[in-house]
Amino acid sequence: SQELEQSPQSLIVQEGKNLTINCTSSKTLYGLYWYKQKYGEGLIFLMMLQKGGEEKSHEKITAKLDEKKQQSSLHITASQPSHAGIYLCGAGRLQGAQKLVFGQGTRLTINP
Amino acid sequence: EAGVAQSPRYKIIEKRQSVAFWCNPISGHATLYWYQQILGQGPKLLIQFQNNGVVDDSQLPKDRFSAERLKGVDSTLKIQPAKLEDSAVYLCASSLRDRVYIRTDTQYFGPGTRLTVL
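Values in this document were obtained by computation on a predicted structure and should not be read as measured data.

K.L.:
What am I meant to see in the state of the cysteines here?
P.N.:
For the structure on display, the rule yields two disulfides over all chains. Paired through a disulfide, A:Cys23 and A:Cys89 show a sulfur-sulfur distance of 2.1 Å. The disulfide joining A:Cys23 to A:Cys89 has a torsion of about 80 degrees about its S-S bond and is therefore right-handed. Taken together, the positions of A:Cys23 in strand S3 (residues 19–25) and A:Cys89 in strand S9 (residues 85–95) put the pair 66 residues apart, joining distant regions of the chain. Accessibility expressed as a relative area gives 1% for A:Cys23, which makes it buried. When its relative accessible area of 0% is taken as the criterion, A:Cys89 is described as buried. Put simply, B:Cys23 and B:Cys92 are joined by a disulfide, and their sulfur atoms are 1.9 Å apart. The sign of the S-S torsion, about -70 degrees, decides the handedness of the disulfide formed by B:Cys23 and B:Cys92: left-handed. Taken as a pair, B:Cys23 in strand S3 (residues 19–24) and B:Cys92 in strand S9 (residues 88–95) lie far apart in primary sequence, 69 residues in all. Take B:Cys23 and B:Cys92: they sit in the same class, and that class is buried.

K.L.:
Teacher, can you tell me more about the sheet that holds strand S6 (residues 55–58) of chain A here?
P.N.:
Through backbone hydrogen bonds, the strands of a sheet pair up, either in parallel or in antiparallel fashion. Residues and elements named next belong to chain A. Strand order in the open sheet formed by five strands is S1-S3-S8-S7-S6, and the pairing between neighbours is antiparallel. Looking along the sheet, the strands with just one partner apiece sit at the ends: strand S1 (4–7) and S6. Each neighbouring strand pair of the sheet contributes to a mean axis angle of 15 degrees, computed without reference to strand direction. In terms of strand pairing, S6 meets strand S7 (residues 61–66) through four bridges, oriented antiparallel. Its bridge partner lying in S7, Lys 56 is registered against Ala 63.

K.L.:
I keep staring at the pattern of salt bridges and nothing clicks. Help me out?
P.N.:
Two side chains that carry opposite charge are able to pair once their charged atoms sit near each other. On inspection of all chains with the given rule, the structure shows six salt bridges over all chains. In this structure, the salt-bridge partner of A:Glu54 is A:Lys56, at a minimum N-O distance of 3.8 Å. With a shortest N-O distance of 2.5 Å, B:Asp86 and B:Arg64 are connected by a salt bridge. Of this pair, B:Asp86 sits in the loop between strand S8 (75–79) and S9 while B:Arg64 is found in the loop between strand S6 (53–56) and strand S7 (65–68), placing the two residues 22 residues apart along the sequence. Salt bridges linked by common partners bring A:Glu3, A:Lys27 and A:Arg93 together as one network.

Cut-offs applied
Residues numbered from 1 in each chain as written. Chains lettered and ligands numbered in written order. Predicted model: local features only at pLDDT ≥ 70, side-chain atom pairs only at ≥ 80, totals over all residues. Heavy atoms only, no water. Disulfide = S-S within 2.5 Å. Helix = DSSP H or I, 4+ residues; strand = E, 2+ residues; numbered from the N terminus. Buried < 20%, exposed > 50% of the residue type's maximum accessible area, 1.4 Å probe, protein only. Pairing = 2+ DSSP bridges. Axes fitted to C-alpha atoms, helices over the stretch in contact; angles between N-to-C directions. Salt bridge = Lys/Arg side-chain N within 4 Å of Asp/Glu carboxyl O.

Such coordinate-based values are descriptive only and should not be taken to indicate function.
See the structure below:
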């Protein structure tokens, strides 16, 4: 099984609707990072969470971390076409130096 | 502040040919990473440099891939010879971290190089 599981793998929502993407780690987290990627482009950093119960927001995107469950969720309120893309979670791992392990991504499509 | 720069953006080669990618990190960032992202998957770390030293290259296929970071700034990733399965986006990232053993450190990514091997 994957070290970092994202769900769902793809999501199609109507513009204006809310949505949630989940990320679950099978190993201890040293920071949980959310990125957004447009097709064929680089990753754009959204937020980093490191403490249990931590919650961060940027515009209409909110991310939460449940450290005990080793899970994070990304919630988008009142979705817009600009939110479309691939959302990736990255788990910080301490294997010698700190490194990131990524989930497979969630492809989000917003229908007008 | 300028972001991570990569070139070329696209490259098409035939199998068994060689190819090189270039990366210029954010100014002042000590750590540089190369990732391979195959279509439909998340990025996979190939190699990590701190300044000009290699910190982790455990997933780099060393029989065909090589990377260097001269003077602790720019970096080059080379594939020689390329195989069909090397078709992917190659991403470069950098982070501020100037010490190896810290718990969290945000990585900033470049636009990537899309490699197609025919």
